[in-house]
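Residues per chain are reported as follows:
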Amino acid sequence: MGYLFFQIWVWILAAFILGWIAHWLLCCRSKDHEHSDFSSEASNTNQLASREEIEAVPVEVATVDESWKPQGFASAPSDSDELKRIKGIGPVIEETLNDLGIYQFKQIASWEAQNISWVENFLAFPGRINRENWIEQAKTLEEGGTTEFAERVDKGDINYS
């Protein structure tokens, strides 16, 4: 019994060592993961900046003028639209837009570049509104038209529960 126990542990130890060797060969030997100190890296490539130089560089923070905030309703109007019919707007973003007073397609359809920048900054999704064509979809839906995504929502193919 003791011999069998010893033999199993030997195999486990061998597998562990082989695993570490395979890891080292596959991951650690690549050029991206060379283990060297900062001084040798600095001499091989661009010189690294000192801590004082890094702290002295001003960080540019993207600011968006509050006047760019889209106009919204103080409370939900009786003719609110289901903003989730716009591809890219789910329940969470719809609720956030409602908190901003955005309830109707015509509000989104009337956004200009500054409004889009403000909303994207507020939602922390840069480029999303243009990438997902919110404005065009909102214009189509406001005019009484439909989109493929809106039809899928209407049929129940898109389940937001």
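So, here's what we can say about the structure. Going along each chain's sequence as written, the residues are numbered from 1 onward. For this predicted model, a pLDDT threshold of at least 70 governs which residues receive local features, and a threshold of 80 or more governs which side-chain atom pairs are given and counted, while totals over whole chains, interfaces and linings are taken from all residues. The basis for every side-chain value is the complete set of non-hydrogen atoms in the structure, without hydrogens or water.

1. Quick word on the side chain of Thr-147
Right, on to step 1. A run of DSSP states H or I qualifies as a helix once it reaches four residues; a run of E qualifies as a strand once it reaches two. Both are numbered from the N-terminal end. In this structure, Thr-147 sits in the loop between α8 (134-142) and α9 (148-155).
Right, on to step 2. Working definition: with a 1.4 Å probe on protein chains only, accessible area under 20% of the residue-type maximum means buried, over 50% means exposed, and in between means partly exposed. Look at Thr-147 and you get buried, because its relative accessible area is 16%.
Right, on to step 3. Here, two residues are considered to be in contact whenever any of their heavy atoms come within 4.5 Å of each other. With residues near it in sequence (within four places) discarded, Thr-147 still touches Arg-85, Gln-137, Thr-140 and Leu-141.

2. Focus on a nonpolar patch on the surface
Right, on to step 1. Patches draw on residues past 30% relative accessible area with no salt bridge. Two like charges within 9 Å are joined, as are two nonpolar side chains (Val, Leu, Ile, Met, Phe, Trp, Tyr) within 5 Å. Method for areas: the Shrake-Rupley scheme with a 1.4 Å probe, in which residue coverage is limited to the protein chains shown. Should a side-chain nitrogen of Lys or Arg be within 4 Å of a carboxyl oxygen of Asp or Glu, the pair is scored as a salt bridge. Together, Leu-13, Phe-16, Ile-17, Leu-18, Trp-20, Ile-21, Trp-24, Leu-25 and Leu-26 make up an exposed nonpolar region whose accessible area comes to about 1,000 Å².
Right, on to step 2. Along the polypeptide, Trp-24 turns up in helix α1 (residues 2-28).
Right, on to step 3. Classification of Trp-24 by relative accessible area gives partly exposed; the value is 45%.

3. Focus on the environment of Glu-148
Right, on to step 1. Along the chain, Glu-148 turns up in helix α9.
Right, on to step 2. On a C-alpha basis, the gap between Glu-148 and Gln-137 in space is 10.0 Å, while along the polypeptide they are 11 residues apart.

4. A closer look at helix α4 (residues 91-99)
Right, on to step 1. Residues Ile-93, Glu-94 and Leu-97 constitute the buried set of α4. Within α4, the buried residues cover an arc of 105 degrees as seen down the axis, which keeps them to one side. The exposed set on the far side of α4, more than 90 degrees from its buried face, consists of Val-92, Glu-95 and Asp-99.
Right, on to step 2. Packing partners of the buried residues in α4 comprise α5 (105-109), α6 (113-123), α7 (128-131) and α8.
Right, on to step 3. Directly beyond the C-terminal end of α4, a positive phi value near 90 degrees is found at Gly-101. Throughout, the arc means that of the directions going from the helix axis to the C-beta atoms.

5. What to know about the nonpolar core
Across soluble globular proteins, nonpolar side chains have a tendency to be buried as a group.
Right, on to step 1. Take the buried Ala, Val, Leu, Ile, Met, Phe, Trp, Tyr and Cys residues and link them wherever side-chain atoms come within 4.5 Å; each set so joined is a nonpolar core. Of all hydrophobic cores here, the largest spans 21 residues; its most connected members are Ile-86, Ile-89, Leu-97, Ile-108, Trp-111 and Trp-134.
Right, on to step 2. Breaking this core down by element, the ones donating at least two residues are α4, α5, α6 and α8.

6. Focus on α8
Right, on to step 1. Among all positions of α8, only Trp-134, Ile-135, Gln-137, Ala-138 and Leu-141 are buried. Along the axis of α8, the buried residues cluster in a sector spanning 165 degrees; they form a single face.
Right, on to step 2. In this fold, the buried residues of α8 make contact with α4, α5, α6, α7 and α9.
Right, on to step 3. The positive-phi residue at the C-terminal boundary of α8 is Gly-144, with phi of around 95 degrees.

7. Section: the pattern of salt bridges
Right, on to step 1. Counted according to the given criterion, the structure contains 3 salt bridges.
Right, on to step 2. Across the salt bridge formed by Glu-94 and Lys-84, the nearest N and O atoms sit 3.7 Å from each other. Of this pair, Glu-94 sits in helix α4 while Lys-84 is found in the loop between α3 (51-56) and α4, placing the two residues 10 residues apart along the sequence. Comparing Glu-94 with Lys-84 shows no difference in burial state: the two are buried.

8. Overview of the packing of aromatic side chains
Right, on to step 1. Note on ring pairs: Phe, Tyr and Trp rings are taken, using the six-membered ring of Trp, and paired if centres are within 6.5 Å. Classes follow the plane angle, with under 30 degrees stacked, over 60 edge-to-face and the rest tilted. Evaluated as defined, the whole model comprises 2 aromatic pairs.
Right, on to step 2. Aromatic side chains Trp-118 and Phe-122 sit 5.1 Å apart centroid to centroid with 10 degrees between the ring planes, which places their arrangement in the stacked category. Taken together, the positions of Trp-118 and Phe-122, both in helix α6 and 4 residues apart, correspond to about one turn of that helix.
Right, on to step 3. The class for Phe-122 is partly exposed, based on a relative accessible area of 44%.
Right, on to step 4. Lysine NZ or arginine CZ positioned within 6 Å of the ring centre and within 35 degrees of the ring normal marks a charge as sitting over the ring. Note that Arg-128 overlies the ring of Phe-125, its terminal NZ or CZ placed 4.5 Å from the centroid.

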